[in-house]
Amino acid sequence: MSRLLERDRGLVWHPYAALDGPAPYAVRAADGVQLDLEAGDGRRFTAIDAMSSWWCAIHGYRHPVLDAAVHAQVDRFSHVMFGGLTHEPAVRLAEELVRLTPEGLRHVFLADSGSVSVEVALKLAVQYQAATGRPGRRRFVALRGGYHGDTTGAMSVCDPVDGMHSLFPGLVSDQVFLPRPPAAVLADGTVADGSGVDDWITLAERTIATFADEVAAIVVEPVLQGAGGMFAYSPRCLTALRELADRHGLLLVADEIATGFGRTGARFGVDHAGVEPDVMCVGKALTGGYATLAAVVCRTRVAEAITRSPQRALLHGPTFMGNPLACSAAVASLSLLTPALEERVRGIGTELEAALAPAAGLASVKDVRVLGAVGVVQLDGPVDVQAVTRAALERGIWVRPFRDLVYTMPPYVCGPDEIAAIGAGIAGAVAEVHG
Ligand SMILES: *Cc1c(COP(=O)(O)O)cnc(C)c1O
């Protein structure tokens, strides 16, 4: 196994990491909520995956229902092009997505990753505006602190500083940014408005009124900003953006790639504000982490405008669109999202609050917050990622901190003991490394 790490080094890029950066851990096996890992020095760790593999593996690894679905599809066919062809897994998945997403969302575009689904949503919005006689509307309103993916269109609506826009002049378009909305008040699984909401809404009104003639859509992560800082904001800000979108003829695009499918304790992030978007992007947990897949679901009004336009089509079509293996995994994963599982997510939230509470007393910790099955420990400075990762592994927990954040988005199948172990592992690792 340690030979694997030698072969990896200098050869394979890892996400946002130098080719000669710190060695990764080699995965020997993944089963249930456990990862079996080997470090460069040959040490082995069995750890609970507190990250759900970047928020995807909500049912854990080697789930019998998902395994069976993918095996069965391999025995039929693994891939066919989607141009001119269709198949049961794709149609079934689209039906399920329309059933699960808010009422008005009725038409589904299958994309190959979250970032690509954001690209498709941006193009959809520009095409919609052109189709309704407003071809000059090609920019987007987005929030500071947001994250929407790593392709260049998606990057343009990410936080301009964290997203390093200045490194890619000419490649990343200039968008209209609103300040990060005021923080939500989180307690006992509820999301309430914090202070400063009225001032923020006034500013949003003014900014959007100024730029409305150039803007096609407002693009937001509903209520919880994920990779941009694990930050929950006041739901009334989302309600206000819905109203402003209607007032100025903009589309509201909800990027639910991180928040979708129950993660925040509601089925979708928009549900915390009772808002229905015009376009929704879903990804990450869509396939239960079995394969890359995302989807863009939109309202009939939007789809009809495009159908009436000279192009008639949404102008996108990736090679692996609607991949049958990915769609089969997604159908199986969604079939497991029962009301009981949604209830379990809220239970995980309650358990996380208790399990992470001791971290709040540490000198290095600035904030501890929990929303649904998302638990966040924010430090007063940057995390020593290597040291905290190792200290957590010593406690049987796999985490991947970033910036000033050590957080968990555990698989929904974790039991109370596993959630307690995740909380203790995170608090213990932070205490050991940062005090
Ligand atoms: C992860 C993420 C994306 C990008 O998805 P990829 O599958 O990594 O391309 C976009 N938006 C949000 C909110 C995300 O969390």
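The model shown is predicted, which means the values in this text are computed figures rather than measured ones.

Within the structure shown, the criterion is met by 26 salt bridges. R236 is paired through a salt bridge with D198; the nearest N and O atoms lie 3.1 Å apart. Taken together, the residues span a long stretch of sequence, with R236 in helix α8 (residues 235-248) and D198 in helix α7 (residues 197-211) at a distance of 38 residues. Under the relative-accessibility criterion, R236 is labelled partly exposed at 35%. For D278, the salt bridge is made with R301, and the minimal N-O distance between the two is 2.7 Å. One end of the pair, D278, is in the loop between β12 (251-255) and β13 (279-282); the other, R301, is in helix α9 (residues 300-308), and 23 residues separate them in sequence. In this structure, a network of salt bridges that share partners links the residues R242, D246, E276, D278, R299 and R301.

UniProt annotation of "binding site: substrate" (unreviewed entry) refers to W54, Y147, K284, G317 and R400 when read in the numbering used here. Across 347 residues in sequence, these annotated residues place their C-alpha atoms as far as 33.4 Å from one another, rather than forming a single compact spot. Position of Y147 relative to the elements: it lies in the loop between β5 (139-143) and α6 (152-156). Overall, Y147 belongs to the partly exposed group, its relative accessible area being 25%. Those residues in contact with Y147, other than ones at most four positions away along the chain, are C158, E221, A227, G228 and D255. One polar contact links Y147 to D150, side chain to side chain, over a distance of 2.7 Å.

Next up on the list: the nonpolar core. By size, the foremost hydrophobic cluster in this structure holds 104 residues, and its most contacted members are L93, I218, M230, L241, F261 and L286. Setting aside residues up to four positions removed in sequence, L286 forms contacts with L93, L97, F261, L293, A294, A295, A330, S333 and L334.

Turning to α9, its buried residues are V302, A303, A305 and I306. Projected down its long axis, α9 shows its buried positions confined to an angular sector of 160 degrees, all on one face. Structurally, α9 contributes buried residues whose contacts are with β4 (105-111), α5 (114-131), β12 and β14 (294-299).

Here the focus is the environment of K366. As for its placement among the helices and strands, K366 is situated in strand β15 (residues 365-371). Between the C-alpha atoms of K366 and R400, which are 34 residues apart in sequence, the distance is 19 Å. The contact partners of K366, leaving out residues within four places of it in the chain, are Q378, L379 and D380.

Our next topic: the sheet that holds strand β18 (residues 405-408). If you walk across this open sheet you meet the three strands as β15-β16-β18, and the pairing is antiparallel. What marks the edges here is a single partner per strand, and that holds for β15 and β18. Taking each pair of neighbouring strands and ignoring which way they run, the sheet shows an average axis angle of 10 degrees. Along the sheet, helix α13 (residues 416-434) makes contact with β15, β16 (374-379) and β18, crossing β18 at roughly 165 degrees.

Another point: the sheet that holds strand β9 (residues 215-220). One open sheet accounts for seven strands, arranged β4-β14-β13-β12-β9-β5-β6; its pairing is mixed. If you trace the sheet from one side to the other, it starts and ends with β4 and β6 (176-178), each paired once. Pairs of neighbouring strands in the sheet enclose a mean axial angle of 20 degrees, with direction left out of account. Summarising the sheet, β4 and β14 pair through six bridges and their orientation is antiparallel. Residue pairing for β14: L105 is matched across the bridge by R299. In the packing of α9 onto the sheet, the strands contacted are β4, β12 and β14, and the crossing angle to β14 comes to about 90 degrees.

Turning our eyes to something else, we now look at the confidence of the model for the chain. Mean pLDDT over the chain: 97, with 100% of residues reaching 70 or higher. The least confident element of the chain, judged by mean pLDDT, is helix α1 (residues 2-8) at 91; the most confident is β12 at 99.

To continue, consider the site of the ligand. Residues in contact with the ligand, as listed here, are W55, S113, G114, S115, Y147, H148, G149, E221, D255, I257, A258 and K284. With respect to the ligand, the backbone of G114 contributes an N or O atom lying 2.9 Å from an oxygen atom. A distance of 2.5 Å separates an oxygen atom of the ligand from a polar atom in the side chain of K284. Its free accessible area being 380 Å², the ligand has 83% of it covered by the protein chains. Classifying every residue of the shell around the ligand by side-chain character gives four nonpolar, five polar and three charged.

With that out of the way, let us pick up the environment of L393. Along the chain, L393 falls in helix α12 (residues 385-394). On the basis of relative accessible area, L393 is assigned to the buried category, the value being 2%. The spatial distance from the C-alpha of L393 to the C-alpha of R44 is 9.6 Å, given a sequence separation of 349 residues. Beyond its immediate sequence surroundings of up to four residues, L393 is in contact with Y25, L37, F45, A47 and W398.

Conventions adopted
- Residues numbered from 1 in each chain as written.
- Predicted model: local features only at pLDDT ≥ 70, side-chain atom pairs only at ≥ 80, totals over all residues.
- Heavy atoms only, no water.
- Salt bridge = Lys/Arg side-chain N within 4 Å of Asp/Glu carboxyl O.
- Helix = DSSP H or I, 4+ residues; strand = E, 2+ residues; numbered from the N terminus.
- Buried < 20%, exposed > 50% of the residue type's maximum accessible area, 1.4 Å probe, protein only.
- UniProt positions renumbered as here; feature names shortened; annotations may be inferred.
- Contact = heavy atoms within 4.5 Å.
- Polar contact = N/O pair within 3.5 Å; in protein donor to acceptor, adjacent residues only side chain to side chain.
- Core = buried A, V, L, I, M, F, W, Y, C linked by side-chain atoms within 4.5 Å.
- Arc of directions from axis to C-beta.
- Pairing = 2+ DSSP bridges.
- Axes fitted to C-alpha atoms, helices over the stretch in contact; angles between N-to-C directions.
- pLDDT = per-residue confidence, 0-100.
- Near = heavy atom within 4 Å.
- Areas by Shrake-Rupley, 256 points an atom, 1.4 Å probe, with all protein chains shown as cover.
- Nonpolar A, V, L, I, M, F, W, Y, C, P; charged D, E, K, R; others polar.

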